[in-house]
Amino acid sequence: MVSKRLQLTLFVDETVSQTIEKVRHQFNPEQYNLIKAHVTLCREDELKDLTQVYKNLNSLKFSGIEIRFGQPVRFAEGKGVFLPAEGENETFYTLRKYILQDEIRELKHPEPHITLMHPRNSTCTDELFTQIMTFSFPQSILFTRISLIEQLDGKEWKVIKEFIF
């Protein structure tokens, strides 16, 4: 039986992703090969009624979403590394609420971030983290599209549909 995962994702535009992708490729090549740098907008357990989600996405009145990012932080007992979003991120949460309206009664409040090293398939050490901290990452990223992506049997994520702001 094929395992299938879906999620809505904000991919980092190639015009600003060079440093992020260089770090991901160097320190977490397995995750780098599975999916490009991104911020997860909605996870699979939140996407129950795709017809309603499509309806909501097709009626978006947003002109993009800008997220400010801080310095790299370790997580998962130090195994993983991500770039955390800074500030209140009201636009991110408003976008999630709009997309998931009529879909979820109790909306989760995930912290937006870009994973540099995923603990599922990499392990950060103090030495590696010191190296990562020498890179200069974008402080702010404008996202102008939402991608519905799919992963089959743990293989590379594929874009199924895109929604442009």
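Residues numbered from 1 in each chain as written. Predicted model: local features only at pLDDT ≥ 70, side-chain atom pairs only at ≥ 80, totals over all residues. Heavy atoms only, no water.

Per an unreviewed UniProt entry, the protein is named 2'-5' RNA ligase family protein, and its organism is Xanthocytophaga flava.

### Observations regarding unusual backbone geometry
Phi is positive for Ala76, close to 55°, though the residue is something other than glycine. Here Ala76 shows up in the loop between strand S4 (73-75) and strand S5 (80-84). Given a relative accessible area of 35%, Ala76 falls into the partly exposed group. Within the chain, Asn89 stands out as a residue other than glycine whose phi angle is a positive 55°. By secondary structure assignment, the location of Asn89 is in the loop between S5 and helix H4 (90-99). (Helix = DSSP H or I, 4+ residues; strand = E, 2+ residues; numbered from the N terminus. Buried < 20%, exposed > 50% of the residue type's maximum accessible area, 1.4 Å probe, protein only.)

### Describing the pairing of strand S1 (residues 4-11)
The buried count for S1 comes to six of eight residues, which makes it a mostly enclosed element. By the bridge criterion, six bridges tie S1 to strand S8 (residues 145-152) in an arrangement that is antiparallel. Across the sheet, Leu8 pairs through a bridge with Leu148, a residue of S8. Where S1 and strand S2 (residues 38-42) come together, four bridges link them in antiparallel fashion. (Pairing = 2+ DSSP bridges.)

### Re helix H1 (residues 18-27)
Buried within H1 are the following residues: Ile20, Glu21, Val23, Arg24 and Phe27. For H1, the angular spread of the buried residues around the axis is 160°, confining them to a single face. Where H1 is buried, its residues touch helix H2 (29-34), S5, strand S6 (113-117), helix H5 (126-132) and strand S7 (140-143). (Arc of directions from axis to C-beta. Contact = heavy atoms within 4.5 Å.)

### Focus on helix H3 (residues 50-58)
Helical periodicity: at 3.6 residues per turn, an α-helix aligns residues three or four positions apart in one direction. Within H3 the residues assigned to the buried category are Gln52, Val53, Asn56 and Leu57. All buried residues of H3 fall inside an arc of 135° around its axis, so they share one side. Of the residues in H3, the exposed ones pointing more than 90 degrees away from the buried face are Thr51, Lys55 and Asn58. In this fold, the buried residues of H3 make contact with S1, H4, S8 and strand S9 (158-164).

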